[in-house]
Amino acid sequence: MPLDVLRSALREAAIAAGGDGQAAERATLERPKRDDHGDYATNVAMLLAPTIGGPPRDIAAKVGEELQSRLGAQLDRVEVAGPGFLNLFLSDAWHAAALAHVLEAGDRFGSGGAAAPERINVEFVSANPTGPLHVGHARNAAYGDALSRIYAFSGHEVTREYYVNDYGSQIARLAESVQARARGEAVPEDGYQGDYVQAVADAIPDAATLELGELGQRAVALMVERIRDSLHFFGVNFDVWFSERSLHEPSAKLDGTDPVTHAFERLAELDQTYAHEDALWLRSSAHGDDKDRVLVRSTGEHTYFASDIAYMLDKQERGFDRLMYVLGADHHGYKGRMAAAFESLGGDVSALDLLIMQFVHLVERGERASMSKRSGEFVTLDDLLAEIGVDAARWFLLQRSHDTTIDLDLDLAREQTNENPVYYVQYAHARISSVLDKAGAERVSAALAADTSAVALHPSEKALVKKLLMFPAEIEEAGAKRAPHRISAYALELSQTFTAFYRDCKVVGAEGDGVEDLRLGLCVAARTTIATALGLLGVSAPETM
RNA sequence: GCCCCCGUAGCUCAGCUGGAUAGAGCAGCGGACUUCUAAUCCGCAGGUCCCUGGUUCGAAUCCAGGCGGGGGCGCCA
């Protein structure tokens, strides 16, 4: 990786200039905003100044000399600027070599960056199977899936998991609602009112007379099937659909005990529970939670938290290195108890990630509308996809940080669909495909094999090379910060940079020795990288538009 | 009362493990189609980075305290 070479040369130069390795390690190597500040700039001298002593500008000059002697012809020149920045101007040959590196990596460019590959469980969506998915779930789905794609691409082993809440009182309410519809009666006030309930009732022949427990399970199965189909159409596919109910049933894996009991036994062994006023409590406050939490009520019923903790233990016993939960904003109050539960079970919280998705607010005529499943009034994932399509929807939901609320004005979204930046990115991809088509596959292969080290580069070509080189770091950052939106921002920037190159540099039929070769190479690298970035977001990369 | 998120251009938001003259998309205004795909491009206009104080060579970014908006705090699921 050309940037790594540059970075290590910089580190050596800093040490040779009398600095310590630690400060050199912290030094930035970044693309300045202004072209006259070089291809890359470093603040290393300002970091070294306190330990070396002396003016940062003098230190920068010394580091510059050391760097020049190490990089030779790869480096055109260095400049000391401002308070002590060292600006690096790299040669055309360096850029050409960097491009060759990108081309060699092909569609694996940017992949495998994980320093220590982990087995990661990403649990997301996990919406109750009592209604269709709404746009809030869609955001959760797009986010969890994009994160999963990023981790997998980085070299981690990812399991996408959906926790199905198929146990407890809301299932009883669903059953009652379905039965009421089947009998043509009014749905109970605390039941589910949406039209989908009728559809479920119609799909179960004897819904009017079926015993409620059985009806509930049949209804859940239908709802899960529907949810799975919606998500599949959205490009989100789960590896594991985990049943909450199974936590309360005897498990062969546990020699016939049920997982909840197993978890209670485990917690008792670790002395994490106690009885008080006929209830069983978890010592969660000993692990940073606000207070202790009830696992078994005085009535003998298990709390929902009991299921959660049994489920968490099950995940731990499956041997994951990291558990990630993508939770809705209304669950942020659970963070404390979930972390406490994890620790109570002997886990190290650094291996636990509780990610809170902020809301998607629906806006209608300038007013915020509420989304309530009980009232049956909400925009479903299916509605959204019917209106604006998978690509626009995924982009829309992924272009913002997960911790900012998004306003969704469906009228506006419909209107502005064609203004969605996703089309700009896709268009750039299609345009490159068209250029490469025009050149022809044979010509392109020949170009990729050609030696371009002596070609003089246009500034737009250099800019494109540098933008491409940023991709691995963007992936790493998107993963480390759990921020898929970094990838969409990058994809847009890369497309803009390509378009500027396309405007300034004729590709097919370009004059000069090796010029067309190099430009075709740039096209291939840009197309591959755009396609990869879009792929990580679950957005398609069309050849034509 | 306690906790979480947000506050940056007219709007929606990037940028936040400190760096040089703060960015993008949309909206607005003015231009460019005989094309390698105009779903594009070029130009103009647009800012108290919520406020106050602190940290330092340097703060949109870090710290403290406010203000404003959103949300959560159950032996519900």
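Calculation notes
- Residues numbered from 1 in each chain as written.
- Chains lettered and ligands numbered in written order.
- Predicted model: local features only at pLDDT ≥ 70, side-chain atom pairs only at ≥ 80, totals over all residues.
- Heavy atoms only, no water.
- Helix = DSSP H or I, 4+ residues; strand = E, 2+ residues; numbered from the N terminus.
- Buried < 20%, exposed > 50% of the residue type's maximum accessible area, 1.4 Å probe, protein only.
- Contact = heavy atoms within 4.5 Å.
- Areas by Shrake-Rupley, 256 points an atom, 1.4 Å probe, with all protein chains shown as cover.
- Lys, Arg positive; Asp, Glu negative; His and termini not counted.
- Charge placed at Lys NZ, Arg CZ, Asp CG, Glu CD.
- Near = heavy atom within 4 Å.
- Polar contact = N/O pair within 3.5 Å; in protein donor to acceptor, adjacent residues only side chain to side chain.
- Nonpolar A, V, L, I, M, F, W, Y, C, P; charged D, E, K, R; others polar.
- Phe/Tyr/Trp six-rings, centres within 6.5 Å; stacked < 30°, edge-to-face > 60°.
- Lys NZ or Arg CZ within 6 Å of the ring centre and 35° of its normal.
- Salt bridge = Lys/Arg side-chain N within 4 Å of Asp/Glu carboxyl O.
- Axes fitted to C-alpha atoms, helices over the stretch in contact; angles between N-to-C directions.
- Parallel < 35°, antiparallel > 145°, perpendicular 65-115°, else oblique.
- Left-handed = near helix turned anticlockwise from the far one by under 90°.

Draft legend 1. Focus on the overall build of chain A. Looking only at helices and strands, one finds 20 helices and 15 strands in chain A. Burial analysis of chain A (545 residues in total) assigns 52% to the buried set. Contacts in chain A between residues at least 24 apart in sequence constitute 70% of all its contacts with a sequence separation of at least 6. When the accessible area of chain A is evaluated, it comes to approximately 24,200 Å², of which 48% is carbon and sulfur surface. Computed over 53 positive and 82 negative side-chain charges, the inter-centroid distance for chain A is 4 Å.

Draft legend 2. How the structure looks around the protein's contact with RNA strand B. Lining the immediate environment of RNA strand B, one finds 63 residues, of which Arg34, Tyr334, Ser434, Tyr502 and Lys506 sit closest. What you see for RNA strand B is that sugar and phosphate hold 60% of its atoms within 4 Å of the protein. Between RNA strand B and Asn87 there is a distance of 2.7 Å, counted from a base nitrogen to a side-chain nitrogen or oxygen. Contact between RNA strand B and Ala430: a base oxygen at 3.1 Å from a main-chain N or O atom of the residue. Every element with two or more residues in the surface near RNA strand B is listed here: strand 4 (85–90), helix 7 (169–182), strand 9 (279–282), strand 15 (406–408), helix 15 (421–439) and helix 19 (485–504). With nine residues, helix 15 is the single largest residue contributor to the surface near RNA strand B. Residues belonging to the surface near RNA strand B are distributed by class as follows: 24 nonpolar, 21 polar and 18 charged.

Draft legend 3. Structural detail: the packing of aromatic side chains. Counting across every chain of the model gives 13 aromatic pairs. Geometrically, the ring pair formed by Tyr274 and Trp281 is stacked, given 6.4 Å between the ring centres and 10 degrees between the ring planes. When the ring of Phe471 is compared with that of Tyr490, the centres are 5.3 Å apart and the planes differ by 25 degrees; the resulting orientation is stacked. Taken together, the positions of Phe471 in helix 18 (residues 471–480) and Tyr490 in helix 19 put the pair 19 residues apart, joining distant regions of the chain. On the basis of relative accessibility, which here comes to 0%, the residue Phe471 falls in the buried class. Its relative accessible area of 1% is what places Tyr490 among the buried residues. Ring-pair connections join several aromatic residues into one group, and the members of that group are Phe124, Tyr162, Phe238 and Trp241. In this arrangement the basic side chain of Arg337 is found over the ring face of Tyr334, its NZ or CZ atom lying 4.5 Å from the centre. Seen from the ring of Phe234, Arg394 lies directly overhead, with NZ or CZ sitting 5.3 Å from the centre.

Draft legend 4. View of the pattern of salt bridges. Tallied over the entire structure, the rule returns 33 salt bridges. Two residues, Arg322 and Glu118, come together in a salt bridge whose shortest N-O distance is 2.9 Å. With Arg322 in strand 11 (residues 322–328) and Glu118 in the loop between helix 5 (92–105) and strand 5 (119–123), the pair connects residues that are 204 residues apart, well separated along the chain. Residues joined by salt bridges that share partners form a network here, namely Glu12, Lys62, Glu66 and Arg70.

Draft legend 5. Structural context of unusual backbone geometry. Not every positive phi belongs to a glycine, and Val125 is a case in point at roughly 60 degrees. With respect to the secondary-structure elements, Val125 resides in the loop between strand 5 and helix 6 (135–154). Given the relative accessible area of 8%, Val125 is considered buried. Even without glycine at this site, Ser126 takes up a positive phi of about 45 degrees. Within the secondary structure, Ser126 is located in the loop between strand 5 and helix 6. For Ser126, a relative accessible area of 14% translates into the label buried.

Draft legend 6. How the structure looks around the packing of helix 5 against helix 20 (residues 515–537). The geometry of helix 5 relative to helix 20 is characterised by a closest axis approach of 10 Å and an angle of 45 degrees between their N-to-C directions. One element, helix 5, and the other, helix 20, form an angle in the oblique class. When you trace helix 5 past helix 20, the crossing you get is left-handed. Two secondary-structure elements touch here, helix 5 through Ala96, Leu99, Val102 and Leu103 and helix 20 through Leu518, Gly521, Leu522, Val524 and Ala525. A class-by-class count of the residues in the contact of helix 5 with helix 20 yields eight nonpolar, one polar and no charged.

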